[in-house]
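The chain contents come next:
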Amino acid sequence: MLNRFRHFWTLVITPIANLLLKLGVSADMVTLVGTVGVSAGALIFFPRGHLWLGAVVITCFVFSDLIDGYMARTSGTSSKWGSYLDSTLDRIADGAIFGGLVLFYANSHAGNSTLMASVTLWALVMGAVTSYARAKAESLGYKASGGLAERADRLVFTLVVAFFSDLFNLPILLEIVIWYIAVASTITVVQRSLSVRKQVRENPESAGLDTPPPADPKS
């Protein structure tokens, strides 16, 4: 996350990361604590209608996404396990953020909107499918990146607008962004699917799954 500003934020988090390394804290532990913090901030504050506070708490823990990577590279502990753990926990954090907003809109004393709860749930599902589409394509040897709504875009837009919409009592701002994310994520899934389909058609000889043909019953 925050890839577009990675160089700047790396300079900011370097002293923190170095201190954690000196204290013997592992990158995996930072990843885990960051996910727990994001999930707690989303599921405790969002459903109660405290959107600005939830956004602040989540943003503080979101920086663990940069800290753990820097720590792993600096300590020479970068590994496939660390990459797997980071990606898997990212999905949990995403689900908690949008799940918290679903509960917010489902709360009759807070968001109180069945329509927006449904749209937010759709945004959550399509966000997960967006990530899955890329991972599945890459596991098959294809590329499926890009699109209108990548992970960083979805989270940054949602957190920033949630903060200001609550601070200035303008709920319409968050509603517009969630509608946009729901539609953009759907389009992104279609774009990635069409991209993979195009790659398959351009290389039909590599389109098989290398499964053996069924045995001849007569043999």
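About the cut-offs
- Residues numbered from 1 in each chain as written.
- Predicted model: local features only at pLDDT ≥ 70, side-chain atom pairs only at ≥ 80, totals over all residues.
- Heavy atoms only, no water.
- Helix = DSSP H or I, 4+ residues; strand = E, 2+ residues; numbered from the N terminus.
- Contact = heavy atoms within 4.5 Å.
- Phe/Tyr/Trp six-rings, centres within 6.5 Å; stacked < 30°, edge-to-face > 60°.
- Buried < 20%, exposed > 50% of the residue type's maximum accessible area, 1.4 Å probe, protein only.
- Core = buried A, V, L, I, M, F, W, Y, C linked by side-chain atoms within 4.5 Å.
- Expected span 1.5 Å × (residues − 1).

Things to note about the overall build of the chain
Assigned secondary structure in the chain consists of eight helices and zero strands. Secondary structure elements in the chain, listed N-terminal to C-terminal, are α-α-α-α-α-α-α-α. Projected onto its principal axes, the C-alpha positions of the chain cover 70 × 50 × 30 Å. Of the contacts made within the chain by residues no fewer than 6 positions apart, 77% connect residues no fewer than 24 positions apart.

Comments concerning the packing of aromatic side chains
In the structure shown here, the tally under the stated rule is four aromatic pairs. Centroid distance Phe164 to Phe168: 6.0 Å. Interplanar angle 5 degrees. Geometry classified as stacked. When its relative accessible area of 51% is taken as the criterion, Phe168 is described as exposed. Members of the aromatic cluster, joined through ring pairs, are Phe163, Phe164 and Phe168.

Quick notes on the nonpolar core
In terms of nonpolar packing, the biggest core is built from 26 residues, with Phe46, Ile58, Ile97, Tyr105, Leu174 and Ile178 touching the most fellow members. Contributing elements (two or more residues each) for this core: α2 (27-45), α3 (51-62), α5 (80-106), α6 (114-139), α7 (151-167) and α8 (171-202). Sorting elements by how many residues they give to this core places α5 first, with seven residues. Residues within four places of Ile58 in sequence aside, it is in contact with Val38, Gly41, Ala42, Phe46, Ile97 and Leu159.

Considerations on α7
The end-to-end C-alpha separation of α7 is 24 Å, in line with the 24 Å expected for 17 residues at 1.5 Å each. Burial in α7 covers these residues: Arg151, Asp153, Arg154, Leu155, Thr158, Leu159, Val161, Ala162 and Ser165. In this fold, the buried residues of α7 make contact with α3, α4 (64-75), α5, α6 and α8. Just past α7, the residue Asn169 takes up positive phi, approximately 55 degrees.

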